[in-house]
Every structure is written in C-alpha cells, then in structure tokens.
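For reference, the chains in residue letters:
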Amino acid sequence: MQLEVELLLGQLTVLCLAGTVPAWLRPKVEHLVTVLRRRRGGLYHGYDVPGLPRTDNAMEQFYRRVKTEQRRITGRKRADAFVVRVGGFAVYATAASTVPEATLLGQLAAVPAAAWQQERRTLRANQDRQAKMRRFRLHPVTYLAELETRWAATIHPP
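Cut-offs applied
- Residues numbered from 1 in each chain as written.
- Predicted model: local features only at pLDDT ≥ 70, side-chain atom pairs only at ≥ 80, totals over all residues.
- Heavy atoms only, no water.
- Helix = DSSP H or I, 4+ residues; strand = E, 2+ residues; numbered from the N terminus.
- Buried < 20%, exposed > 50% of the residue type's maximum accessible area, 1.4 Å probe, protein only.
- Areas by Shrake-Rupley, 256 points an atom, 1.4 Å probe, with all protein chains shown as cover.
- Contact = heavy atoms within 4.5 Å.
- Patch = residues over 30% accessible without salt bridge, like charges linked within 9 Å, V, L, I, M, F, W, Y side chains within 5 Å.
- Salt bridge = Lys/Arg side-chain N within 4 Å of Asp/Glu carboxyl O.
- Core = buried A, V, L, I, M, F, W, Y, C linked by side-chain atoms within 4.5 Å.
- Polar contact = N/O pair within 3.5 Å; in protein donor to acceptor, adjacent residues only side chain to side chain.
- Axes fitted to C-alpha atoms, helices over the stretch in contact; angles between N-to-C directions.
- Parallel < 35°, antiparallel > 145°, perpendicular 65-115°, else oblique.
- pLDDT = per-residue confidence, 0-100.
- Expected span 1.5 Å × (residues − 1).

Caption draft 1: Highlighting the overall build of the protein chain. Looking only at helices and strands, the protein chain features nine helices and zero strands. Tracing the protein chain from N to C terminus, the helices and strands come up as α-α-α-α-α-α-α-α-α. Counting all 158 residues of the protein chain, 14% fall into the buried class. Accessible surface, the protein chain as shown: approximately 12,600 Å² in total, 62% of it carbon and sulfur.

Quick look at the structure:
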C-alpha cells in the first residue's frame, strides 16, 4: 500500500513539473504531496494491525457495535457515558468478545508489564476525573468546600 501511494505521489510531482496540472491547482497538489510524504510513516498503521477496520465505514460499524453492546449490557438508552468513563478499554473489550479465549490470553501475555501499568494509570486517572465531575454535579456545595480547603492549605503550608 505504501509503495503504491509513493508511486502516485511521484507521478503527481512529475505532472506538476511537466505543467500538465493547471496553474490554479498546482499549489494544492504540491501541498498534498508534501503533507503525505511528511506523514508517510504514520499513515499506514491501520494496515499493520490485524483485525483493525480498514475503512471509515467499517470503523463506524465497529463503533455502532460497541454502543449497541453497551446499551444491551447497561440497559441505558445512551452508552456514551460508559465509553467516556472507561475510554478505549470498552473498545478493547468489545473487540475481544469475538476472539477465542486462548488467542486473547496469548495477546494479553505479550503486553509488557510497564505498558499495562501505564494504561491502568490512565484508566484510573480517567475514572477519578469522572468521579469528581459526578460529585460536583450531585453535591456542588460540598465539592467546592473541599476544593477551597485544599487551595487554602496550599496557600498557607504548615
């Protein structure tokens, strides 16, 4: 795939130099070629990961499946809150639901411990942020009083 795109970008460059591209379109085509060449290393990661949706349509179908499964599990009309609270882990869980257990265990065993711990910290930070938002929404006076107490403690250290 990358080789095909590189060949097409080369052809576009030749067409621009030959003058076959109209003058009004030439700067736009040259900019497109520059941007695609600059980003070439990061454009094709989706094709390196087996099972990752290849098109926008497949990606939208996958997201719809995630939301449908979460609506079915939680019984809520909207599953967005769960996906926001748990983040990418919801997507991993949904993707893993179609994978045989032995394959999933093999994939999880290949994850380095440091990477797993970092993702766990990310999840916990996201959950803490969501809990604070919920506390503020349910008990704004108490939440603001706790904030003021902490701020006062940092202004006047012991």
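Caption draft 2: Quick peek at the side chain of E69. Mapped onto the elements, E69 comes out in helix α4 (residues 56-74). Beyond its immediate sequence surroundings of up to four residues, E69 is in contact with T94 and S97.

Caption draft 3: Representation of a nonpolar patch on the surface in the model. A cluster of nonpolar residues, L105, L108, V111 and W116, forms a patch on the protein surface that exposes about 410 Å² of accessible area. Within the secondary structure layout, L108 lies in helix α7 (residues 101-109). A residue is classified by how much of its surface remains accessible, and L108, at 52% relative accessible area, is exposed.

Caption draft 4: Main features of the nonpolar core. Core analysis: the largest hydrophobic core is formed by five residues, namely L9, C16, V21, V29 and V33. Excluding residues within four positions of it along the chain, L9 makes contact with V33, L36 and R37.

Caption draft 5: Region of the structure containing the side chain of N126. By the element assignment, N126 lies in helix α8 (residues 113-138). Residue classification places N126 among the buried residues on the basis of a relative accessible area of 17%. A polar contact of 2.6 Å, which involves the side chain of N126, links it to the side chain of R129.

Caption draft 6: Structural detail: the packing of α8 against helix α9 (residues 140-155). At a minimum axis distance of 5 Å, the contact between α8 and α9 shows a crossing angle of 120°. The pairing of α8 with α9 is recorded here as oblique in orientation. For the pair α8 and α9, the contacting residues are K132, R135, F136, R137 and L138 in the first and P140, Y143 and L144 in the second.

Caption draft 7: Local environment of the confidence of the model for the protein chain. Scored by pLDDT, the protein chain has a mean of 81; 84% of the residues are at 70 or more. Within the protein chain, the lowest mean pLDDT, 66, falls on helix α3 (residues 45-48), and the highest, 90, falls on helix α2 (residues 26-38).

Caption draft 8: View of α8. Helix length check: α8 (26 residues) gives 37 Å between terminal C-alpha atoms against 38 Å at 1.5 Å per residue, within 8%. When we look at burial in α8, the residues that qualify are L123, N126 and Q130.

Caption draft 9: A look at the pattern of salt bridges. Going through the model one piece at a time under the given rule, you end up with one salt bridge. A salt bridge links E6 to R37; the nearest nitrogen and oxygen atoms lie 2.9 Å apart. Taken as a pair, E6 in helix α1 (residues 2-18) and R37 in helix α2 lie far apart in primary sequence, 31 residues in all. Since its relative accessible area comes to 27%, R37 is described here as partly exposed.

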